[in-house]
Amino acid sequence: MAALALIGRWLLRSSPTRIERNFAIESVSYLNGFLCPTQLPRVSTAAQLSQFNQQDEVTYTVNRITLLYPEQDGRLLGQTSDQEENNSDSDEEYECERGKHYLKCGQRGDSEFWRRKMCTLHRVLDINRDGVISFDDFGLLVKRFTDLGHLSPAMSVEFLDVVRLTWEEQFGPITTYNLVAAEQFLTDMQHRLNDKDLRKHLGRFLFYLFKAVDYDHTGHLDLDQYKLFFHCLGLGDENAAVSFAVIDKNGDGLISLNEFVHLGRQFFLTEDETKISKFFWGPLINH
């Protein structure tokens, strides 16, 4: 009976009715130009973001945000560091239990499943879809989330600083010619996965992604907000609905900040194909 109850609960969570709920969206607001987040119209629906992104230019100048917000609030970064450490501890505990598996298979990141996940992430981060990742892609990603208008000026600057630091640690200097193809991305990510210190910083930008789409500041994301997250990544409503239905483990229609960060980090860390975190960045591509 318990098994039947679990199966029934899974079917309910994955039903077409649940997946398709809340697809009705508000009317589109016309957004024009780059504005300071304190002046930006609030973007709270997928349709509004879609129209807004049509005006995005791929060439993104990092200094535009930096000049707009010269002051930073160190307290915010301190809070994200604490959050990072807490999630790192829980993920590390899980991965330690799989130590025997890694000893048998070699170093972390050797599995075909993990490589497939990283190829999926490479495709997602390739915002301009030219087959390689550059810092322009990272900059455009920051712009999409900050242009929603829900991050404070100080948090917008920190977001950009974290993304810049992540790039420099992982891929080296920010230059026009520093282009990262899929195979190099896999190599670099596997190096970070196997370095204990670097591994702790995987996904440290997740906090800002969450805050950018949490437009009602409840500390939870519903399906519409998760769709907004996916639209910033260039992914569609159907992908968002399927992923949300799977990762919403308790079926309450909400994902907390802790759940979001944990699942996002677990995507990098685990090689367990049964973990629902594999859907965090959308459907996996065939590697």
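Residues numbered from 1 in each chain as written. Predicted model: local features only at pLDDT ≥ 70, side-chain atom pairs only at ≥ 80, totals over all residues. Heavy atoms only, no water.

1. Quick word on the side chain of Gln 190
- Following the sequence through the fold, Gln 190 ends up in helix H10 (residues 182–194).
- Classification of Gln 190 as buried rests on a relative accessible area of 13%.
- Setting aside residues up to four positions removed in sequence, Gln 190 forms contacts with Gln 107, Arg 108, Gly 109, Asp 110 and Trp 114. (Helix = DSSP H or I, 4+ residues; strand = E, 2+ residues; numbered from the N terminus. Buried < 20%, exposed > 50% of the residue type's maximum accessible area, 1.4 Å probe, protein only. Contact = heavy atoms within 4.5 Å.)

2. Quick look at the packing of aromatic side chains
- For the coordinates displayed, the defined rule picks out 21 aromatic pairs.
- When the ring of Phe 229 is compared with that of Trp 281, the centres are 6.0 Å apart and the planes differ by 50 degrees; the resulting orientation is tilted. Within this pair, whereas Phe 229 is found in helix H13 (residues 223–232), its partner Trp 281 is found in the segment after helix H15 (257–269), the two being separated by 52 residues in sequence.
- A residue is classified by how much of its surface remains accessible, and Phe 229, at 0% relative accessible area, is buried.
- Ring pairing ties together the aromatic residues Phe 145, Phe 210, Tyr 226, Phe 229, Phe 230, Phe 244, Phe 260, Phe 267, Phe 268, Phe 280 and Trp 281, which thus form one cluster.
- Just above the ring of Phe 267 sits the side chain of Lys 117; from NZ or CZ to the centre is 5.1 Å. (Phe/Tyr/Trp six-rings, centres within 6.5 Å; stacked < 30°, edge-to-face > 60°. Lys NZ or Arg CZ within 6 Å of the ring centre and 35° of its normal.)

3. Quick notes on the UniProt feature "domain: EF-hand" (unreviewed entry) in the protein chain
- Feature annotation in UniProt places "domain: EF-hand" (unreviewed entry) on residues 123–148 and 235–270, given in this structure's numbering.
- Between the end C-alpha atoms of residues 123–148 the distance is 22 Å, and the span holds 58% helix and 0% strand.
- The distance from the first to the last C-alpha atom of residues 235–270 is 23 Å, and the span holds 67% helix and 6% strand. (UniProt positions renumbered as here; feature names shortened; annotations may be inferred.)

4. Section: the nonpolar core
- One finds Phe 145, Tyr 226, Phe 229, Phe 260 and Trp 281 to be the most contacted residues of the largest nonpolar core, which totals 62 residues.
- Looking at this core, the elements that each hand over two or more residues are helix H7 (112–125), helix H8 (135–146), helix H9 (153–171), H10, helix H12 (206–213), H13, helix H14 (237–247) and H15.
- For Phe 260, the residues in contact, after removing those within four places along its chain, are Leu 206, Leu 209, Phe 210, Leu 221, Tyr 226, Phe 229, Ile 255 and Phe 280. (Core = buried A, V, L, I, M, F, W, Y, C linked by side-chain atoms within 4.5 Å.)

5. Some remarks on unusual backbone geometry
- Despite not being glycine, Arg 129 has its phi angle at roughly 55 degrees, a positive value.
- The residue Arg 129 is located in the loop between H7 and H8 in this model.
- Residues other than glycine seldom take positive phi values, yet His 217 does so here, at roughly 55 degrees.
- Counting through the fold element by element, His 217 comes out in the loop between H12 and strand E1 (220–221).
- Accessibility expressed as a relative area gives 56% for His 217, which makes it exposed.

6. Looking at H14
- Taken across its 11 residues, H14 has eight buried, putting it largely inside the fold.
- Of the positions making up H14, those classed as buried are Asp 237, Ala 240, Ala 241, Ser 243, Phe 244, Ala 245, Val 246 and Ile 247.

7. A look at H13
- With nine of its 10 residues buried, H13 lies for the most part within the structure.
- Regarding H13, the residues found buried are Leu 223, Gln 225, Tyr 226, Lys 227, Leu 228, Phe 229, Phe 230, His 231 and Cys 232.
- Looking at the residues trailing H13, positive phi occurs at Gly 234, about 85 degrees.

8. Some thoughts on the environment of Ala 212
- Relative to the assigned elements, Ala 212 resides in helix H12.
- Overall, the relative accessible area of 0% leaves Ala 212 in the buried class.
- Each C-alpha atom of the pair Ala 212 and Ser 152 lies 9.3 Å from the other, and the pair is 60 residues apart in sequence.
- In contact with Ala 212, not counting residues within four places along its chain, are Phe 145, Leu 148, His 150 and Leu 151.

9. Focus: the pattern of salt bridges
- Counted according to the given criterion, the structure contains six salt bridges.
- For Arg 164, the salt bridge goes to Asp 161, with nearest N and O atoms at 2.9 Å. Note that Arg 164 and Asp 161 are positioned in helix H9 at a spacing of three residues, about one turn of the helix.
- Because the salt bridges share partners, they merge into one network encompassing Glu 169, Arg 192 and Arg 204. (Salt bridge = Lys/Arg side-chain N within 4 Å of Asp/Glu carboxyl O.)

10. Some remarks on the packing of H9 against H12
- One way to put it is that H9 packs onto H12 with a least axis distance of 10 Å and a crossing angle of 145 degrees. Note on packing geometry: the crossing formed by H9 with H12 is left-handed. Together, Met 155, Glu 158, Phe 159 and Val 162 of H9 and Phe 207, Tyr 208, Leu 209 and Lys 211 of H12 make up the contact between the two elements. (Axes fitted to C-alpha atoms, helices over the stretch in contact; angles between N-to-C directions. Left-handed = near helix turned anticlockwise from the far one by under 90°.)

11. Re the side chain of Asn 178
- Relative to the elements of secondary structure, Asn 178 occurs in the loop between H9 and H10.
- Since its relative accessible area comes to 12%, Asn 178 is described here as buried.
- Separated by 3.0 Å, the side chain of Asn 178 and the backbone oxygen of Phe 171 make a polar contact.
- Setting aside its immediate chain neighbours within four residues, Asn 178 contacts Ile 133, Ser 134, Trp 167, Phe 171, Gly 172 and Pro 173. (Polar contact = N/O pair within 3.5 Å; in protein donor to acceptor, adjacent residues only side chain to side chain.)

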